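Structural overview for review
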Amino acid sequence: MPEPKLPARPRPRGPLTSLQLTAVAAVAGLLLAGGTAALAGPYDSSGQRIAEARRAAARPAPGAAGPQAAHRPLTSAGLPSPAPSAGPVLDGLRTGGGDTAGGRGPALAGRLDPLLAVDELGKGPSASVVDLTSGEQVYGNHAARAATPASVTKIATAVAALDALGPDHRIRTRVEKDGHRLVLVGGGDPTLTARAHPGEYASLRTLARRTAEALGTEHGTYTLVYDTSRYAGTTRHPIGPNENLAPVTPLIADEGRLDSSDHGPAARGTDPALDTARRFHDLLAEAGVKLRDEVETGDGKKAPAEDPSGSPKPGDDAKGGEDAKGGEDGKGGEDGGIASVSSAPLATIVERMLTYSDNDIAEHLARQTALATGAKADFKGGARAVHDRLDKLGLPVEDTSFHDGSGLDRADKLTPGLLTALLAEAARKDQPGLRPVLTGLPVAGFTGTLATRYTAEHNKAGTGLVRAKTGTLTGVNTLAGTVVTRSGRLLGFAFMSHDAPDPMAAQAALDKMATALAES
């Protein structure tokens, strides 16, 4: 059967209402007004998020007349010019009208206090809401109380990684030649793929082809060695073997998945580095490179090139097919390499992580942050690096505790105030490199983990207006993101609950709070 392509960054799934169109145009206008038009990131360079803005610009605005209402010129960055009727909306976004900034605005308190007090949210829920144009808090209810955040931890990981590495950073996987040894060196690219249709991600197939081309007419039989020394410590998350996360190793293809899925829970290989090396061995052989029937680790341990158990290897369900360029480099570089492939830009990887709540990407980005800051690239070092990077940005990390990058560890403790501060930091005019934190958030009713939410009568007003990262563990439900209000104001919010009696009821209660903001 044909292999599904790797996930393109998501697009809206249906016709937009006039309210959604206004919200999309308003957010696009805010990004332009904030000095982000020149940002070479996923919002305005690849056509994913821009599709929403173009769709909004292509529809006649209320009260607009003439053909130019449906066909407006694009800016130099490729984003549509604001609709003529959008001025008051954008003005509201820039000035932050509505409740007086700071403390508990009376109007918001009147809306949110009763919703936060419902039994569905368990014991002691907490919340913070900020005006993203000013960064000031407009509502807080135990906003400094630390609680288990679950997957909204990924917002912190994203900010730390983008700040430490930059949105254009790419992660390289390379091959070095040492006599008749070919060394496959894992760089920690969590999006490396062995599938036939890699899209914008680095391709193991392309790396095999480039390696064969680099060897040229050199004769002899080679031994394939694989190097995972870039990371330290155990590969196993404290939760143990889990379908939500593969062992964390710097050499991994298709997240160690044993099926054709590209996100969500799935059975994983127990040794994804060995599985990837074996797949690369096959691909090199297909490219005409003569190899010994074994693969070796960097410290000399040997394993058969074929798995005696017969377990599938990465990309095994995709023999043949179109081979993409799979990364930019090609040449090995100054470190003795003969071939390499590079990941998509970090901005793209961050968007994928946030949209699909990808735990594998999150753990790798925590380690990449550790490597960039001189910390040890293990679970503890990655968590410490994220904390320290946020502290360096001046964000409120007091009383918080980081233990991983994904939020799967229940020992993680964050505050609503920190989460909204992270969103405000990503919205700052002088931080364009952090903008993928906002553009990667799932869109209510359209993409990622919010694709099937905000469809009920009581919360459908939030469809298309709420963009948020979800968080769910047993007894823990969280939601943090952005929302455009009726008055055109752009807010950041974080809602946290624990010990809720019914997870689905808690989820609905959080969605109702975000919808209340959209209606404010």
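Refer to the structure presented above.
Heads up: these notes are all about the structure in this document.

What about the nonpolar core?
One finds L365, L390, F402, L419 and L422 to be the most contacted residues of the largest nonpolar core, which totals 46 residues. Elements that contribute at least two residues to this core include exactly α6 (153-165), α9 (346-356), α10 (359-373), α11 (379-392), α12 (416-427), α13 (436-439), β10 (476-484) and β11 (490-498). If near-sequence neighbours (up to four positions away) are discounted, L422 is found in contact with I155, A156, V159, L390 and L395. If you look at the next biggest cluster of nonpolar residues, it comprises 30 residues, including L108, A127, V466 and L510.

Quick look at the packing of α9 against α10
One way to put it is that α9 packs onto α10 with a least axis distance of 9 Å and a crossing angle of 135 degrees. Classed by the angle they form, the pair α9 and α10 counts as oblique. The handedness of the crossing between α9 and α10 comes out as left-handed. Residues L346, I349, V350, R352 and M353 of α9 form the contact with α10, whose participating residues are I361, A362 and L365. Grouping the amino acids of the contact of α9 with α10 by side-chain chemistry returns seven nonpolar, no polar and one charged.

Things to note about α12
Between the first and last C-alpha of α12 there are 17 Å, a value that for 12 residues agrees with the 16 Å anticipated at 1.5 Å per step. Among the 12 residues of α12, 12 are classified as buried, and the element is accordingly described as predominantly covered. Listing the buried residues of α12 in full gives P416, G417, L418, L419, T420, A421, L422, L423, A424, E425, A426 and A427. Where α12 is buried, its residues contact β1 (126-131), α6, α11, α13, β10 and β11.

Focus on the side chain of E255
Here E255 is to be found in the loop between β5 (222-227) and α8 (272-286). On the accessibility criterion, E255 (3% relative accessible area) is buried. Here the side chain of E255 touches R257 through a polar contact of 2.9 Å, side chain to side chain. Apart from the residues lying within four places of it in its own chain, the contact partners of E255 are P190, A246, D262, R268, R352, D358, D360 and I361.

What to know about the packing of aromatic side chains
In the structure shown here, the tally under the stated rule is one aromatic pair. The interplanar angle of 25 degrees and the centroid separation of 5.0 Å between the aromatic rings of F493 and F495 together place this pair among those described as stacked. Like F493, the residue F495 is buried in the burial classification. The lysine or arginine in question, R352, covers the ring of Y201, its NZ or CZ lying 4.7 Å from the ring centre. Positioned above the aromatic ring of F379, the side-chain terminus of R367 is 4.2 Å from the ring centre.

Things to note about unusual backbone geometry
Despite not being glycine, A150 has its phi angle at roughly 55 degrees, a positive value. By the element assignment, A150 lies in the loop between β2 (137-141) and α6. The buried category is assigned to A150, whose relative accessible area is 0%. Phi angles above zero are rare outside glycine, and D254 is one such case at about 55 degrees. In this structure D254 comes out as buried when scored by relative accessible area, which is 6%.

Regarding the sheet that holds β2
Remark on secondary structure: sheet strands pair via backbone hydrogen bonds, oriented parallel or antiparallel. Strand order in the open sheet formed by five strands is β2-β1-β11-β10-β9, and the pairing between neighbours is antiparallel. Edge positions in the sheet fall to β2 and β9 (466-473), since each of these pairs with one other strand and no more. If you compare each strand with its neighbour and ignore which way they point, the axes differ by 5 degrees on average. Here β10 pairs with β11 via nine bridges, running antiparallel. Residue pairing in the sheet places V484 in a bridge with L490 of β11.

Here's the deal with the pairing of strand β6 (residues 291-297)
Summarising the sheet, β5 and β6 pair through four bridges and their orientation is parallel. Bridging across to β6, L224 finds its partner in V295. Crossover connection from β5 via α8 to parallel β6: handedness right-handed.

Some words on the environment of G187
With respect to the helices and strands, the residue G187 is situated in the loop between β4 (181-185) and α7 (204-215). Here the alpha-carbon distance between G187 and I171, two residues 16 residues apart in the chain, equals 6.2 Å. Look past the residues within four positions of G187 in its chain and what remains in contact with it is I171, R172, T173, R230, P250 and Q368.

So, how was this worked out
Residues numbered from 1 in each chain as written. Predicted model: local features only at pLDDT ≥ 70, side-chain atom pairs only at ≥ 80, totals over all residues. Heavy atoms only, no water. Core = buried A, V, L, I, M, F, W, Y, C linked by side-chain atoms within 4.5 Å. Buried < 20%, exposed > 50% of the residue type's maximum accessible area, 1.4 Å probe, protein only. Helix = DSSP H or I, 4+ residues; strand = E, 2+ residues; numbered from the N terminus. Contact = heavy atoms within 4.5 Å. Axes fitted to C-alpha atoms, helices over the stretch in contact; angles between N-to-C directions. Parallel < 35°, antiparallel > 145°, perpendicular 65-115°, else oblique. Left-handed = near helix turned anticlockwise from the far one by under 90°. Nonpolar A, V, L, I, M, F, W, Y, C, P; charged D, E, K, R; others polar. Expected span 1.5 Å × (residues − 1). Polar contact = N/O pair within 3.5 Å; in protein donor to acceptor, adjacent residues only side chain to side chain. Phe/Tyr/Trp six-rings, centres within 6.5 Å; stacked < 30°, edge-to-face > 60°. Lys NZ or Arg CZ within 6 Å of the ring centre and 35° of its normal. Pairing = 2+ DSSP bridges. Right-handed = clockwise from strand over helix to strand, strands pointing away.

Shape is all these values report; function is a separate question.
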